[in-house]
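Structural characterization, general
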Amino acid sequence: MAKQYFYRRLSKDTFQPTDLTIGPWSVSSQHGGPPSALMASMLREHAGDSFRLARMSVTLYRPIPATGEHRLHISCLSETRSTKHLVVTYVDAVSNRIYARAEAILLARTDTATPATRAHLEYIDATTRAADVQHSVIPQFPSPTALQKQLGSQSNAPLSTFMQAMQTVFEPSRAMYGSKTHDCVHANRESACVWYARPAAGVGFWPGRELDAVDRAVMFGDMSSGASAVLEYGVYIYSNVDYTVNFLRDPEPDTIGMNEQEWVCFRPRTRINPGGSGVTASKVFDRRGIFAATLQNLITRKMESRL
């Protein structure tokens with residue numbers, strides 16, 4: 001199979017989306033994950049390797065087309081030796097119509113701790129992780145055999161082309177979007193799950209650029225509202241109007257030993273109210289433990305209603 005990509009890079013700041021960005025609500029619009037990851041990638045590229053992404057808050061003003069040429073404008077709001085506060089605007093390259101905007105805080109990677117302080121912080125980190133494991137705060141990554149077994153049983157009829165570009169495993173096994181049998185939905189209109197995601201084989205970000213661990217966390221983290229959906233897909237809309245990611249640290253490479261791409265684990269929880277809104281909060285894990293958290297505000301309506 002030929003290599004496929006989410007985007008084609010036309011210039012330093014101009015990109016063209018491919019069909020792999022199309023989301024579940026419209027065949028003409030991107031899912032929020034790919035453009036969010038693209039903005040995060042450009043912010044990181046602009047800041048340089050000496051800074052890491054600590055927080056990014058995305059506002060989605062309107063559906064982002066899955067065709068055409070799009071440009072990303074980056075500006076610096078403030079900068080010190082230890083922080084950079086950047087903003088990126090995602091616009092149509094021809095009309096300059098604004099589709100989305102993201103503000104980000106990036107932190108310098110410089111280690112300023114003294115040896116004694118660092119030793120104490122490492123002790124606290126180790127004891128905290130041990131307690132998380134003891135109390136099942138950290139999900140137990142399935143074995144390669146278990147993951148492959150679930151992958152083998154997944155449907156060959158994805159809901160959208162973005163869904164075709166990723167592989168997912170759920171605990172307990174369930175569909176990505178809400179179904180008529182809400183096993184995990186409680187009386188308080190709340191749903192939670194644990195799920196794992198990685199790019200499908202042969203899928204890259206754009207030619208010459210693979211998805212790294214931060215890209216995967218941002219891109220697939222935007223799926224959390226669908227993964228823990230309370231409402232039935234095809235009957236209700238429950239799309240997010242914003243998306244915030246906070247990184248405690250950089251994710252570490254996975255050692256699960258399956259094929260070419262590492263898995264990211266998400267533990268999302270969605271809660272809705274009768275007024276037509278909801279919130280999804282998710283913790284994001286690698287094998288070491290939690291490394292990020294995400295938050296999404298949702299709008300919930302019947303499909304025949306206009307977004």
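First things first, this report covers the structure right here in the doc. Source: prediction; values computed, not measured.

Some details on the pattern of salt bridges
Opposite charge on two side chains permits pairing when their charged atoms draw close. Applying the stated criterion to the full structure yields 11 salt bridges. We note a salt bridge from D215 to R44, for which the minimum N-O separation is 3.1 Å. Here D215, found in helix α5 (residues 213–221), pairs with R44, found in helix α1 (residues 33–47); they are 171 residues apart in sequence, far enough to count as distant. The same class applies to D215 and to R44, which are both buried. Its salt-bridge partner being R109, residue D250 comes within 2.4 Å of it at the nearest N-O pair. Note that D250 is positioned in the loop between β13 (242–247) and β14 (264–273) and R109 in the loop between β7 (98–108) and α2 (115–134), a separation of 141 residues in sequence. Judged by its relative accessible area of 26%, D250 is partly exposed. Residues joined by salt bridges that share partners form a network here, namely R44, R209, D212 and D215.

Overview of empty space enclosed by the protein
Under the defined criterion, the tally for this structure stands at two cavities of 30 Å³ or more. Volume-wise, the second largest cavity comes out at about 40 Å³. Every residue along the wall of the second largest cavity is listed here: S225, A229, V230, L231, Y238, T270, I272, L298 and T300. Mapped by element, the contributors of at least two residues to the lining of the second largest cavity are β14 and β16 (289–302). Residue classes in the lining of the second largest cavity are distributed as six nonpolar, three polar and no charged.

Topic: the pairing of β16
Judged from the five bridges that link them, strand β12 (residues 236–240) and β16 form a sheet pairing that is antiparallel. Its bridge partner being in β16, Y238 is matched across the sheet by T300. The sheet contact formed by β13 and β16 spans four bridges and is antiparallel. Within the sheet, the bridge partner assigned to F247 lies in β16 and is A292. Of the pairings in the sheet, the one linking strand β15 (residues 277–286) to β16 comprises 10 bridges and is antiparallel in character. Among the inter-strand pairings, S282 is bridged to a residue of β16, identified as T294. The antiparallel hairpin formed by β15 and β16 contains two residues in its connecting segment.

Some words on the packing of aromatic side chains
Tallying each qualifying case throughout the model produces 10 aromatic pairs. Centroid distance F247 to F291: 6.2 Å. Interplanar angle 20°. Geometry classified as stacked. Of this pair, F247 sits in strand β13 while F291 sits in strand β16, and the two are 44 residues apart along the sequence. Both residues of the pair, F247 and F291, belong to the buried class. Pairwise contacts between aromatic rings join Y7, F15, F205 and W206 into one cluster. When the ring centre of F51 is taken as reference, the NZ or CZ atom of K84 above it lies at 4.7 Å.

Reading guide: rules and limits
Residues numbered from 1 in each chain as written. Predicted model: local features only at pLDDT ≥ 70, side-chain atom pairs only at ≥ 80, totals over all residues. Heavy atoms only, no water. Salt bridge = Lys/Arg side-chain N within 4 Å of Asp/Glu carboxyl O. Helix = DSSP H or I, 4+ residues; strand = E, 2+ residues; numbered from the N terminus. Buried < 20%, exposed > 50% of the residue type's maximum accessible area, 1.4 Å probe, protein only. 1 Å grid on protein atoms, 1.4 Å probe; cavity = no way out; pocket = protein on both sides within 12 Å on 5 of 7 lines; lining within 4 Å. Points joined across faces, edges and corners; volume = space filled by probe spheres on them. Nonpolar A, V, L, I, M, F, W, Y, C, P; charged D, E, K, R; others polar. Pairing = 2+ DSSP bridges. Phe/Tyr/Trp six-rings, centres within 6.5 Å; stacked < 30°, edge-to-face > 60°. Lys NZ or Arg CZ within 6 Å of the ring centre and 35° of its normal.

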